[in-house]
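Here are the chains, one letter per residue:
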Amino acid sequence: MMDDPAPLREEWERKNVLPTLDTLYDEIWVYGQSDIHDPLAELGMPQSIADKTLYTGYLRRDLPKAQRPTENFAFSDDPFILVTPGGGGATA
C-alpha cells in the first residue's frame, strides 16, 4: 500500500472496506515490519481490525539449494490455503 493515507482513507470509505475487513477476514497479513513502516497507522483502523493484523516481516526471495523440491509436488485431497502475495512492482 503506497498511497497517501488521506486519499486511501476516502477510497476505503467509499468502498466500505473497513466493515468488510472487520467481518469477513480472520487475519490480515501485512508484508514488512511495523516498526520500520506501518502503512495502516494513519488509516484510522478500529481496534478490532488492528487486533487481527499480523506483520510478516521480510520474506526470502529464493530457497537455499538444500530446500528446493527434487520431485513434482502433488496435492493431496486435504484442504489447504493458497497465498499469493503481490510483487510490489509497477509496470511501465
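Described below are features of the structure shown in this document. (Residues numbered from 1 in each chain as written. Predicted model: local features only at pLDDT ≥ 70, side-chain atom pairs only at ≥ 80, totals over all residues. Heavy atoms only, no water.)

## Examining the environment of tryptophan 29
Which entries qualify depends on this criterion: By the criteria applied, helices consist of DSSP H or I runs no shorter than four residues and strands consist of E runs no shorter than two, each listed in order from the N terminus. Burial here depends on accessible area, computed with a 1.4 Å probe over protein chains only, as a share of the maximum for the residue type. Under 20% is buried, over 50% is exposed, and the range in between is partly exposed. In this description, contact between two residues means that some pair of their heavy atoms is separated by no more than 4.5 Å. By the criterion applied in these results, polar contacts are pairs of N or O atoms within 3.5 Å in which, for protein atoms, one can donate a hydrogen and the other can accept it, and in which residues neighboring in sequence qualify only through two side-chain atoms.
Relative to the helices and strands, tryptophan 29 resides in strand S1 (residues 28-30). Note on tryptophan 29: relative accessible area 55%, which makes it exposed. For tryptophan 29 and threonine 56, which are 27 residues apart along the polypeptide, the C-alpha to C-alpha distance reads 6.5 Å. Other than its neighbours up to four places away in sequence, tryptophan 29 contacts Leu54 and Thr56. At a separation of 2.8 Å, a polar atom in the side chain of tryptophan 29 contacts the side chain of glutamate 27.

## With respect to the environment of tyrosine 25
Its location among the elements puts tyrosine 25 in the loop between helix H2 (17-24) and S1. Classification of tyrosine 25 by relative accessible area gives partly exposed; the value is 42%. Along the backbone, tyrosine 25 and threonine 53 are 28 residues apart, and their C-alpha atoms lie at a distance of 9.9 Å. Apart from residues lying up to four places away in sequence, tyrosine 25 is in contact with Thr20 and Lys52.

## Some details on the side chain of threonine 53
Within the element layout of this structure, threonine 53 appears in strand S2 (residues 53-55). Among the polar contacts made by the side chain of threonine 53, one reaches the main-chain carbonyl oxygen of isoleucine 49 at a distance of 2.8 Å. In contact with threonine 53, other than residues within four places in its own chain, are Ile28, Val30 and Leu40.

## Regarding the packing of aromatic side chains
Each aromatic ring pair is summarised here by two numbers: the centre-to-centre distance and the angle between the ring planes. Short version of the rule: Geometry of aromatic contacts follows a simple scheme: Phe, Tyr and Trp rings, the Trp one being its six-membered ring, pair when their centres are within 6.5 Å, and the pair is stacked under 30 degrees between planes, edge-to-face over 60, tilted otherwise.
For the structure on display, the rule yields 1 aromatic pair. Summarising the aromatic geometry, the rings of tyrosine 31 and tyrosine 58 are spaced 5.4 Å apart at their centres and angled 90 degrees between planes, so their arrangement reads as edge-to-face. Of this pair, tyrosine 31 sits in the loop between S1 and helix H3 (47-50) while tyrosine 58 sits in the segment after S2, placing them 27 residues apart in sequence.

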